[in-house]
Every structure is written in C-alpha cells, then in structure tokens.
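Listed below are the residues making up each chain.
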Amino acid sequence: MQTEAVQARAVLVPTSGEYAEPDPLAVQYSACVSAVGATGFWVCAGAGISASIAKTASEELFPTTQVGGTGDAFRHCYWSALLTIDFGAVRAEKVTTSYEDVALNDEPFRSMDLANNATGRQVGLAQRTNARSKERCASLARTGGLVTVS
C-alpha cells in the first residue's frame, strides 16, 4: 500500500497504464537544480559527491546509529559543512532543504535533519576545511551537540 506522499509523486507510465514512483535520485537532483538556479548542475553534482563522502565517514565512525541516531546526525552535519565549504552557506541551505522537501521523512526525522544541516553550515563556516569540519561534527555527535531522534 502506498503512502499519500508516494501517491502524490507517482507518475503514469504510458506503456503500461500503471503508476510508478520516479527514481528518488532523479527527484532529489531535480529539486536541487530548481532550488539553486543557474549554477544548479555543478552544485548538485557536487552535493551528490559530498553526500557520499559524509555517508562513508558516518558509517565508519558511527556504524550502528545510521537512522535517527548519532551517525545520522553526524552525516547531515558533515554533509552540510562540506557543501558550505565548497559552495557557501546560502547554496548549502538551499541544497539540503530541497533534499528534505522531497525526502519521505516524517517528523521528528525531518526536524532533526534540518537542525543538523544548520549546525553543519555553522561548522563549515567556522572550520573552513573538510578535515576540521569532520572532526567538529564528530565531536558534536559524540557529546550530544547534534539533534537525534533515538
């Protein structure tokens, strides 16, 4: 059974007459490009790379807390910090918010992600390097400085 959010995003497949959900990565990329404007292609491609880097780091540092826990919080903080370093805080906010707008996250997960994205932007502005941002986000995750659900 599909949720209302999935049904709202479903598209008609002309050859079959059935409805199918679009590729989530395509939906995220499209939302990102719409949010960032003319520079969207490069920014959104970079966002995908940064997301992969943050995910790998999160899985290495916090392997058992990837949904709603410290690993999830760290991942959002570090991803947003990386985006801020590479593209500035305004674009980082647009990219991460556009992602949350199309993600199928229910509360309180959405609020958690948005809060940790905001912290990550602050970290990126203050630390200015990927390595220092990674260390700072990890420290915040370990000491309760990031928002978690579980």
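You'll find the structure just up there.
Residues numbered from 1 in each chain as written. Predicted model: local features only at pLDDT ≥ 70, side-chain atom pairs only at ≥ 80, totals over all residues. Heavy atoms only, no water.

Peer 1: Before we go on, may I ask you to explain the overall build of the protein chain in this structure?
Peer 2: Tallying secondary structure elements over the protein chain gives seven helices and two strands in all. Reading the helices (α) and strands (β) of the protein chain from amino to carboxyl end gives α-β-β-α-α-α-α-α-α. Residue burial in the protein chain is summarised as follows: out of 150 residues, 37% are buried. Of the roughly 8,300 Å² of accessible surface on the protein chain, 57% is carried by carbon and sulfur atoms. (Helix = DSSP H or I, 4+ residues; strand = E, 2+ residues; numbered from the N terminus. Buried < 20%, exposed > 50% of the residue type's maximum accessible area, 1.4 Å probe, protein only. Areas by Shrake-Rupley, 256 points an atom, 1.4 Å probe, with all protein chains shown as cover.)

Peer 1: Sorry, what's going on with the side chain of Glu 100 here?
Peer 2: Following the sequence through the fold, Glu 100 ends up in helix α5 (residues 89–102). Of the side chains with opposite charge, Arg 110 comes closest to the buried, unpaired Glu 100, at an N-O distance of 4.9 Å. Once residues lying within four places of it in the same chain are set aside, the contact partners of Glu 100 are His 76, Asn 105, Arg 110, Asp 113, Leu 114 and Asn 117. (Lys, Arg positive; Asp, Glu negative; His and termini not counted. Salt bridge = Lys/Arg side-chain N within 4 Å of Asp/Glu carboxyl O. Contact = heavy atoms within 4.5 Å.)

Peer 1: Looking at this structure, how should I read helix α2 (residues 24–36)?
Peer 2: Each full turn of the α-helix corresponds to 3.6 residues, which orients residues three or four apart in the same direction. Helix length check: α2 (13 residues) gives 18 Å between terminal C-alpha atoms against 18 Å at 1.5 Å per residue, within 8%. Val 27, Ala 31, Cys 32 and Val 36 are the residues of α2 that are buried. Seen along its axis, α2 keeps its buried residues to an arc of 150°; they face one direction. A positive backbone phi angle near 85° is found at Gly 37, which sits one or two residues after α2. (Expected span 1.5 Å × (residues − 1). Arc of directions from axis to C-beta.)

Peer 1: Looking at this structure, how should I read the state of the cysteines?
Peer 2: In protein structure, a disulfide is the covalent linkage between the sulfur atoms of two cysteines. Under the defined criterion, the tally for this structure stands at two disulfides. Two residues share a disulfide in this structure: Cys 32 and Cys 44, whose sulfurs sit 2.0 Å from each other. With the S-S bond torsion at -95°, the cross-link from Cys 32 to Cys 44 turns out left-handed. Placement of Cys 32 in helix α2 and of Cys 44 in helix α3 (residues 40–61) is noted, with a sequence separation of 12 residues between them. Here the two residues Cys 32 and Cys 44 agree in accessibility, since each one is buried. Through a disulfide, Cys 77 is tied to Cys 137; the S-S separation comes to 2.1 Å. Since a negative S-S torsion denotes a left-handed disulfide, the Cys 77-Cys 137 link at about -70° is left-handed. Of this pair, Cys 77 sits in helix α4 (residues 70–87) while Cys 137 sits in helix α7 (residues 130–142); the two residues are 60 residues apart in sequence, bridging distant segments of the chain. Taking relative accessible area as the criterion, Cys 77 reaches 0% and is therefore assigned buried. By sequence order of its bonded cysteines, the protein chain has the disulfide arrangement 1-2, 3-4. (Disulfide = S-S within 2.5 Å.)

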